[in-house]
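# Summary of the model geometry
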Amino acid sequence: MRCRILAVLMGIALSVCTFVAVPQAYAEAPIKVVYGFDREFPPFSFEEAKGKAVGFDVDLIRAIFKGQNVKLVTRPLVWDHVLMELSSGTIDVTTGMAKTKQRNLLFNFSEKPTLPMKVRLFTKTPNRVGNITLLRGQKVSVKRGSFQQRVLEDFGGMNIKPFPSKVDAIHALGRDEVQAYCGPEQTAYYYLNRFKYGKISAVGSLMRITEAFVAVNRDKGRILDMVNKGFQRVVATGEYDRIYRKWFVPELYEDDMNKLFEAASEAAVNAYAPYSKVPVGAAVLTRSGKTYVGCNVETAKENISAIKTAILKAIADGEYDFRAVAALAPDGSVVAPTAEDRQFLFEFGRGILAAVEPDKGDVKMIMVSQLLPYPVLSGNKGFTYE
């Protein structure tokens, strides 16, 4: 009897041992991932004081690998060295890379692009035009040997003035050595704000749109899987929009908000709403600082919203770059953008701020991408009118 009891107790003890947690020392070690980035490409990736890596791409790659048992090492490089070291395997992953036939042979790419890279022309605001063709024959500064220089050469007709860096090219416009500057939209706005060039704005139409991806060394298939899984999570949780707004969306000052709402409220007076009997006014603020207003227009076959009317008026005036929009009733209450409005706004940028009022008196300005989580994505690759 005693032997039988002893055997049972020993069996229980062995079962308990089976479920004891494995000591931390024997847990799987984190995977080391070396992230190489262009250290001179703000606001996507650059270095602050003491070599701290910052930027949209840096925040995004950290968010992608968060919670995936990864030890992330950042490595600042010049872009040409990024390409060489990713190919050799010295670094494992990079960001902000456009796909080409040659690169597809050298690297693996994330399933989804991280964002569209927009190439634009910028001019002094008093001299801005609505169509890039009107700048043919004018002097245009650009970084020497850059993708943007090739875009200008393909477009033709520009008097191209190459400079050693984007900063030099922007300063050339600020000093009136050229009539326009060509470069990546987000980088241009970063430097224009940094150098306090308040009277320079984008020309209405785009030169080119190119999608940027995360690129991974071809031998690091597991890391590529982690990138795709992590990016899907970052988008689904809203973390992507938070990072995007932090780096690319200029917040509105109180004066800007007040002027926008006042203009929208006043515009409601002109509404043509014989069917719904609900007048709505809207105002849109452009990156060049102008405000355009609109009202809803109803006919027997078609209803045009106040927001769409305001946007169309701005486009007709050569403005394509929008910061914020608000639609209001005559009593000052906020009218949320309709489903059609949201898709229409998204065409011009996910970072446009739209006014909503989820609770009475609780007015918020949120990105249109948050109002439209599953948009119909544009196939627009830029305008090249001949």
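Residues numbered from 1 in each chain as written. Predicted model: local features only at pLDDT ≥ 70, side-chain atom pairs only at ≥ 80, totals over all residues. Heavy atoms only, no water.

## Brief notes about the sheet that holds strand β18 (residues 322-328)
We apply this condition: We treat two strands as partners when DSSP finds at least two bridges between them. A run of H or I in DSSP becomes a helix once it reaches four residues, and a run of E becomes a strand once it reaches two; helices and strands are each numbered from the N terminus. Axis angles are defined between N-to-C directions and span 0 to 180 degrees, where every axis is a line fitted to C-alpha atoms and, for a helix, only to the segment in contact.
A sheet is described by the order of its strands in space; here 5 strands give the open sequence β15-β14-β18-β19-β20, paired in mixed fashion. The outermost strands of the open sheet, each flanked by one partner alone, are β15 (291-295) and β20 (362-367). Between one strand and the next, the sheet's axes are offset by a mean angle of 25 degrees, whatever the strand orientation. In this sheet, β18 lies alongside strand β14 (residues 281-286) in antiparallel orientation, the contact comprising 6 bridges. When the bridges of β18 are listed, Ala-282 appears paired with Ala-327.

## So, the domain arrangement of the protein chain
Going by this rule: Each domain's limits were defined by an automated method or a database of domain assignments. A quick way to say it: buried area is the sum, across both parts, of accessible area lost when two parts are put together, with a 1.4 Å probe. A pair is scored as a salt bridge if a Lys or Arg side-chain nitrogen falls within 4 Å of a carboxyl oxygen belonging to Asp or Glu. Counting of polar contacts relies on pairs of N or O atoms within 3.5 Å, with two restrictions inside protein: one atom must be capable of donating a hydrogen and the other of accepting it, and residues adjacent in sequence are counted only when both atoms are side-chain atoms. Gly falls in the polar group here, along with every residue not listed as nonpolar (Ala, Val, Leu, Ile, Met, Phe, Trp, Tyr, Cys, Pro) or charged (Asp, Glu, Lys, Arg).
Parsing the protein chain into structural domains produces domain 1 (31-114 + 213-248), domain 2 (116-211) and domain 3 (254-371). Taking both sides of the interface into account, the surface hidden between domain 1 and domain 3 amounts to around 520 Å²; carbon and sulfur atoms contribute 51%. Together, Asp-241, Tyr-244 and Arg-245 form the three largest contributors to the area buried by domain 1 at its contact with domain 3, with a combined 85%. The interface formed by domain 1 and domain 3 includes 1 salt bridge. Residues Arg-350 and Asp-241 are paired through a salt bridge, measuring 2.9 Å at the closest nitrogen-oxygen approach. Across the domain 1-domain 3 interface, the total number found is 3 residue pairs in polar contact (both at pLDDT 80 or more). When grouped by side-chain class, the residues that make up the side of domain 1 that touches domain 3 number 3 nonpolar, no polar and 2 charged.

## Let's talk about the side chain of Gln-148
Where we set the bar: We call two residues in contact whenever any of their non-hydrogen atoms come within 4.5 Å of each other.
Within the element layout of this structure, Gln-148 appears in helix α5 (residues 147-155). Excluding residues within four positions of it along the chain, Gln-148 makes contact with Val-119, Val-142, Lys-166, Cys-182, Gly-183 and Pro-184.

## Here's the deal with the nonpolar core
Here is the rule we go by: Working definition of a nonpolar core: buried Ala, Val, Leu, Ile, Met, Phe, Trp, Tyr and Cys residues. They are joined through side-chain atoms within 4.5 Å. Accessible area is worked out with a 1.4 Å probe on protein chains only. A residue is then buried under 20% of its type maximum, exposed over 50%, and partly exposed in between.
One finds Phe-56, Phe-65 and Leu-115 to be the most contacted residues of the largest nonpolar core, which totals 47 residues. Among the elements that make up this core, the one with the highest residue count is helix α2 (residues 56-65) (7 residues). Taken domain by domain, the makeup of this core includes at least three residues from each of domain 1 (31-114 + 213-248) and domain 3 (254-371). The residues contacting Phe-56, other than those within four sequence positions of it, are Pro-43, Phe-44, Thr-114, Leu-115, Tyr-240, Ile-243, Tyr-244, Trp-247 and Phe-248. Judged by nonpolar contacts, the second largest core, of 22 residues, contains Ile-311, Val-325, Leu-345 and Phe-346.

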